[in-house]
Amino acid sequence: MSNKFLTVQEIARAALPILHDNLVFPALTYRNSTSEYNKKGDVVQVRKPPMYTADEFDGEINLQDVSEENVLVTLDKIADVSVELTAKEMALNLSDFTKQVLEPAAVAIAEKINRDGLALYRDIPYVCGEAGTTPSGIGAFAQAAKVLNDNKAPLTDRACIWNSTALAEFQSDANIVNAEKCGTTKALRNGAIGKLIGFDNYTSHQICNHTKGSASGSLSVKTDAEAGAEMISVSCESGTLVKGDIIAVKGKTYTVKNDTTADGGVMNVNIYPAVPAEGFAAGDEITLTDSHTANLAFHKNAFGFISRPLEKARGAESYVTSYNGITLRVTFGYDIATKKQTMSVDTLYGFKTLYPELAVRVLG
């Protein structure tokens, strides 16, 4: 039995702020949450944030529809940390229990959530930088900003998340270091690397490394593809293309949407975006981007983080708490056969790419 200091409610309320403070990617995205209970695998409908175009007023207004576009999101992720508790640990006061048990659990959950979110890089066909070369200098930010500007992304609410190798390059650059001296050091203490060229910059150990497919030989378009087609026929000798591969056709880049294996020297590949107005012709050369680190630069509305509270566990001490779009459940259980007390900390969520054109991979 737990003592009066370690109620499930107090433990849950102590754990949630730690989880919230260690989330990097979700905090920079569009968030959607309600108090409605769900379970893993449920599909929920989420309204996309509207995007408008500002017109020049020339005597008559141009009415734009209020966007009501909805997307379906599968709540397919549960991050869970379950631990066995001894009588000694249950006898700790809340402060010591938080430090010894809750904080490591909450950090581990945050790392999983960040990793799952950053894996959305696979949906993004827009790139800058060079695969295999670590981004460095102010130029990396300028290139990312240009891609977003060309795609008409809003100038506010932009962020970059870099891996530790890129961070080290930036911290060694005098121009960036001196720019940071002009502002607060609070961002640095919280894992950020300051604001540059309109981006709030952060680092994460969960930045993904993409390994390209094994497609061999010269790649080319096998048959003509009309404007708007989302699948193209690719000629190659053998091998695979994998989800998240970047291919270039006629100077424009596309992301591969599904794993595909060559059959008889041909692959039918789903791509995003769709084939442009001029179409593809049989024989058009296809270039496959090398394996790379997928640093991300993006506007807030590029990605959505969807969180829903899990139901309280029946037949056990259980408490669910929510704050600022994040939910957390803590459940205590006792196995009389083994005389062991367990604690489970978990959260239910899903991610969705909402506007791919509002993000860019900065290759490294």
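Cut-offs used in this document
- Residues numbered from 1 in each chain as written.
- Predicted model: local features only at pLDDT ≥ 70, side-chain atom pairs only at ≥ 80, totals over all residues.
- Heavy atoms only, no water.
- Helix = DSSP H or I, 4+ residues; strand = E, 2+ residues; numbered from the N terminus.
- Buried < 20%, exposed > 50% of the residue type's maximum accessible area, 1.4 Å probe, protein only.
- Contact = heavy atoms within 4.5 Å.
- Areas by Shrake-Rupley, 256 points an atom, 1.4 Å probe, with all protein chains shown as cover.
- Pairing = 2+ DSSP bridges.
- Axes fitted to C-alpha atoms, helices over the stretch in contact; angles between N-to-C directions.
- Parallel < 35°, antiparallel > 145°, perpendicular 65-115°, else oblique.
- Left-handed = near helix turned anticlockwise from the far one by under 90°.
- Nonpolar A, V, L, I, M, F, W, Y, C, P; charged D, E, K, R; others polar.
- Salt bridge = Lys/Arg side-chain N within 4 Å of Asp/Glu carboxyl O.
- Core = buried A, V, L, I, M, F, W, Y, C linked by side-chain atoms within 4.5 Å.
- Phe/Tyr/Trp six-rings, centres within 6.5 Å; stacked < 30°, edge-to-face > 60°.
- Lys NZ or Arg CZ within 6 Å of the ring centre and 35° of its normal.

S.K.: Report on the overall build of the chain, specifying residues and quantitative values.
M.R.: Regarding its fold elements, the chain presents seven helices and 23 strands. A burial count over the chain gives 46% of its 364 residues as buried. Sequence separation of at least 24 residues holds for 76% of the intrachain contacts in the chain that already meet a minimum separation of 6. Accessible surface for the chain amounts to roughly 18400 Å². Of this, 48% is attributable to carbon and sulfur atoms.

S.K.: Summarise the sheet that holds strand S16 (residues 266-272); cite the residues concerned and give the values.
M.R.: Pairing is antiparallel in the closed barrel, where six strands are placed in the order S10-S11-S16-S14-S13-S17. Ignoring which end each strand starts from, the neighbouring axes of this sheet average 45° apart. Pairing between strand S10 (residues 219-221) and strand S11 (residues 231-235): two bridges, direction antiparallel. When the sheet's bridge partners are listed, Val 221 is paired in S11 with Val 234.

S.K.: Any chance you could break down the pairing of S11 for me, citing the residues and the numbers?
M.R.: Two faces belong to every sheet, and in a regular strand the side chains alternate between them. Pairing of S11 with S16 involves five bridges; the strand directions are antiparallel. If you follow Ser 233 over to S16, its bridge partner there is Asn 268.

S.K.: Tell me about the packing of helix H1 (residues 8-22) against helix H3 (residues 94-118), residues and numbers included.
M.R.: Axis separation between H1 and H3 bottoms out at 8 Å; the angle between their running directions is 45°. What the angle tells us is that H1 and H3 run oblique. Our pair here, H1 against H3, has a crossing hand that is right-handed. Taking contact as the criterion, the partners of Glu 10, Ile 11, Ala 14, Ala 15, Ile 18, Leu 19 and Asn 22 in H1 are, on H3, Leu 94, Phe 97, Thr 98, Leu 102, Glu 103, Ala 106, Val 107, Ile 109, Ala 110, Ile 113 and Asn 114. Grouping the amino acids of the contact of H1 with H3 by side-chain chemistry returns 13 nonpolar, three polar and two charged.

S.K.: Outline the pattern of salt bridges, supporting the account with residue identities and numerical values.
M.R.: All told, the structure shown has five salt bridges when counted by the stated rule. Between Asp 150 and Lys 146 there is a salt bridge whose closest N-O contact spans 2.7 Å. Residue Asp 150 and its partner Lys 146 are located together in helix H4 (residues 138-150), separated by four residues, close to a single helical turn. Across the pair, Lys 146 and Asp 150 agree in class, each one exposed.

S.K.: So what's going on with the nonpolar core? Which residues, and what values?
M.R.: Counting 80 residues, the largest nonpolar core has Leu 19, Phe 25, Phe 97, Ile 113, Phe 298, Phe 303 and Met 343 as the members making the most contacts within it. When residues in this core are grouped by element, the largest group, nine residues, is from H3. If you look at the next biggest cluster of nonpolar residues, it comprises 20 residues, including Ala 215, Cys 236, Ile 247 and Ile 286.

S.K.: Now, about the pairing of strand S13 (residues 246-249): what can you tell me, with residues and values included?
M.R.: Across four bridges, S13 lies against strand S14 (residues 252-256) in antiparallel orientation. Counterpart to Ile 247 in the pairing with S14 is Tyr 254.

S.K.: If you had to explain the packing of aromatic side chains to someone new, which residues and values would you point to?
M.R.: According to the stated counting rule, one finds 11 aromatic pairs in the structure shown. Ring centres 5.5 Å apart and planes at 70° place the aromatic pair Phe 298 and Phe 303 in the edge-to-face group. Phe 303 carries the same exposure label as Phe 298, and that label is buried. An aromatic cluster of at least three residues, connected via ring pairs, comprises Phe 25, Phe 298, Phe 303, Phe 305, Tyr 349 and Phe 351. Seen from the ring of Tyr 355, Lys 48 lies directly overhead, with NZ or CZ sitting 4.1 Å from the centre.

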